[in-house]
Amino acid sequence: MGGRIRTWCVRLLSVCFWLLVWQLAAWAIDARIILVGPIEVLARLAELALTGEFWASVGLSLARIALGFASGIVLGVLLAAAASRLKVMRELLAPLVGTLKAVPVASFVILVLLWVSSSHLSIVIAWVMAFPIVYTNVLEGIEQTDPKLLEMADVFGVAPLERVRLIYFSQVLPYFRAALSLALGLSWKAGIAAEVIGLPDFTIGEHLYDAKVYLDTPDLFAWTVAIVIVSVALEALFNRVLDAGLARWEARP
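Structural notes, computed from the coordinates.

The rules we used
- Residues numbered from 1 in each chain as written.
- Predicted model: local features only at pLDDT ≥ 70, side-chain atom pairs only at ≥ 80, totals over all residues.
- Heavy atoms only, no water.
- Helix = DSSP H or I, 4+ residues; strand = E, 2+ residues; numbered from the N terminus.
- Buried < 20%, exposed > 50% of the residue type's maximum accessible area, 1.4 Å probe, protein only.
- Contact = heavy atoms within 4.5 Å.
- Areas by Shrake-Rupley, 256 points an atom, 1.4 Å probe, with all protein chains shown as cover.
- Core = buried A, V, L, I, M, F, W, Y, C linked by side-chain atoms within 4.5 Å.
- 1 Å grid on protein atoms, 1.4 Å probe; cavity = no way out; pocket = protein on both sides within 12 Å on 5 of 7 lines; lining within 4 Å.
- Points joined across faces, edges and corners; volume = space filled by probe spheres on them.
- Nonpolar A, V, L, I, M, F, W, Y, C, P; charged D, E, K, R; others polar.
- Phe/Tyr/Trp six-rings, centres within 6.5 Å; stacked < 30°, edge-to-face > 60°.
- Lys NZ or Arg CZ within 6 Å of the ring centre and 35° of its normal.
- Expected span 1.5 Å × (residues − 1).
- Patch = residues over 30% accessible without salt bridge, like charges linked within 9 Å, V, L, I, M, F, W, Y side chains within 5 Å.
- Salt bridge = Lys/Arg side-chain N within 4 Å of Asp/Glu carboxyl O.
- Lys, Arg positive; Asp, Glu negative; His and termini not counted.
- Polar contact = N/O pair within 3.5 Å; in protein donor to acceptor, adjacent residues only side chain to side chain.

Description of the overall build of the protein
Part 1 of the reasoning: Each helix and strand in the protein was counted, giving ten helices and zero strands.
Part 2 of the reasoning: Reading the protein from its N end, one meets helices and strands in the order α-α-α-α-α-α-α-α-α-α.
Part 3 of the reasoning: Within the protein, buried positions represent 35% of all 253 residues.
Part 4 of the reasoning: Across the protein, the fraction of contacts at a sequence separation of at least 24, relative to all contacts at a separation of at least 6, is 73%.
Part 5 of the reasoning: Surface accessibility of the protein: about 14,900 Å² in total, with carbon and sulfur atoms responsible for 71%.

Some thoughts on the nonpolar core
Part 1 of the reasoning: Grouped together as the largest cluster of nonpolar side chains are 34 residues, with contacts concentrated most on F69, I125, V134, Y135, V138, F176 and L180.
Part 2 of the reasoning: For this core, the secondary structure elements donating two or more residues are α3 (52–85), α4 (87–102), α5 (105–115), α6 (121–143), α8 (160–198) and α10 (217–250).
Part 3 of the reasoning: Among the elements that line this core, the one with the most residues is α6, at twelve residues.
Part 4 of the reasoning: In terms of nonpolar packing, the next biggest core, distinct from the first, is built from 18 residues, L48, F54, I65 and A126 among them.

As for the layout of surface pockets
Part 1 of the reasoning: Quantified by volume, the second largest pocket comes out at close to 200 Å³.
Part 2 of the reasoning: When the residues that make up the lining of the second largest pocket are grouped by side-chain class, the tally is nine nonpolar, no polar and no charged.

Some points on the packing of aromatic side chains
How two aromatic rings sit relative to each other is set out by the distance from centre to centre and by the angle between their planes.
Part 1 of the reasoning: A complete count under the given rule lists seven aromatic pairs for this structure.
Part 2 of the reasoning: Between F54 and W55, the ring centres sit 5.1 Å apart and the planes meet at 85°, which makes this aromatic pair edge-to-face.
Part 3 of the reasoning: On the accessibility criterion, F54 (6% relative accessible area) is buried.
Part 4 of the reasoning: The ring of W8 carries the charged tip of R11 above its face, separated from the ring centre by 5.2 Å.

Some details on α6
Part 1 of the reasoning: Here α6 contains 23 residues, and its C-alpha end-to-end distance of 34 Å stays within 8% of the 33 Å for a straight helix at 1.5 Å per residue.
Part 2 of the reasoning: With respect to burial, α6 is a largely interior element, 17 of its 23 residues being buried.

Examining the environment of P218
Part 1 of the reasoning: Along the chain, P218 falls in helix α10.
Part 2 of the reasoning: Under the relative-accessibility criterion, P218 is labelled buried at 5%.
Part 3 of the reasoning: Separated by 173 residues in sequence, P218 and L45 place their C-alpha atoms 8.6 Å apart.

Thoughts on a nonpolar patch on the surface
Part 1 of the reasoning: Side chains of I29, I33, I34 and L215 sit close together on the surface and give an oily, nonpolar patch of about 410 Å² of accessible area.
Part 2 of the reasoning: Inspection of the secondary structure assignment puts I34 in the loop between α1 (2–29) and α2 (38–49).

Description of the side chain of E206
Part 1 of the reasoning: Considering the arrangement of structural elements, one finds E206 in helix α9 (residues 204–213).
Part 2 of the reasoning: Of the buried charged residues, E206 lacks a salt bridge, with R64 as the closest side chain of opposite charge at 8.7 Å.
Part 3 of the reasoning: There is a polar contact of 2.8 Å between the side chain of E206 and the backbone nitrogen of F202.
Part 4 of the reasoning: Among all residues touching E206, those that are not within four sequence positions of it are E195, L199, P200 and D201.

Re the environment of T136
Part 1 of the reasoning: Counting through the fold element by element, T136 comes out in helix α6.
Part 2 of the reasoning: Residue classification places T136 among the partly exposed residues on the basis of a relative accessible area of 25%.
Part 3 of the reasoning: Taking the C-alpha atoms as reference, T136 lies 7.3 Å from A80; in sequence the two are 56 residues apart.
Part 4 of the reasoning: Sequence-distant contacts of T136, defined by excluding residues within four places in its chain, comprise V97 and K101.

Side note on the pattern of salt bridges
Part 1 of the reasoning: The tally for this structure, following the rule as stated, stands at four salt bridges.
Part 2 of the reasoning: For R44, the salt bridge goes to E47, with nearest N and O atoms at 2.9 Å. Separated by three residues within a single helix, R44 and E47 lie in helix α2, roughly one turn from each other.
Part 3 of the reasoning: Beyond isolated ion pairs, a larger network of salt bridges with shared partners links R44, E47 and D219.

Structure below.
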């Protein structure tokens, strides 16, 4: 308990240090259009948080990006499981996964805008970010599963579902968790970036674009801070839900 408190104290001091650096830089530059201090930004964020439009925009952006992220997870896991069994599928998916990893997000945004409306853009981009990461990591985790454990399961005639629960879960879980942590952050940031380009109505990306056009630096920083807060909260919540779900699954008789 003492170590945990000490860790949080160190983190809090680190945050305070950088907030102080930020404030001193704002005072030194003394140009509100270029840089505003954290106090003014937090005050503006508090003002935005009192409006319904703020929460509607956050909720809409979050729902669309979450949909793309979730579909990327599901498809990534299913195709990784299939590719671990079928070599032909692995070879067929390799060029697609490699392309999704290599092509810049901006190129995907422009291409996707030719095929779907801007309101669905962040869903597709979040999927593009999540799918290759989850697929690659889960496939690697399956391939690194201890063959001796699988041989033992064959000897004792362990059913496929029980084999997944008792063997693959523990072996693949570190790869899966790392993939989710990375994919969640990338999907959120890339989805917001896609909104800035596509400009769907009532989204975080639209507000960021408006702040840039009107040179409203406090709004720009306030929305950016909101993005960071949501990202941190999402990761913490997702880890808790994942831990609870895995604990229930492993506790099954």
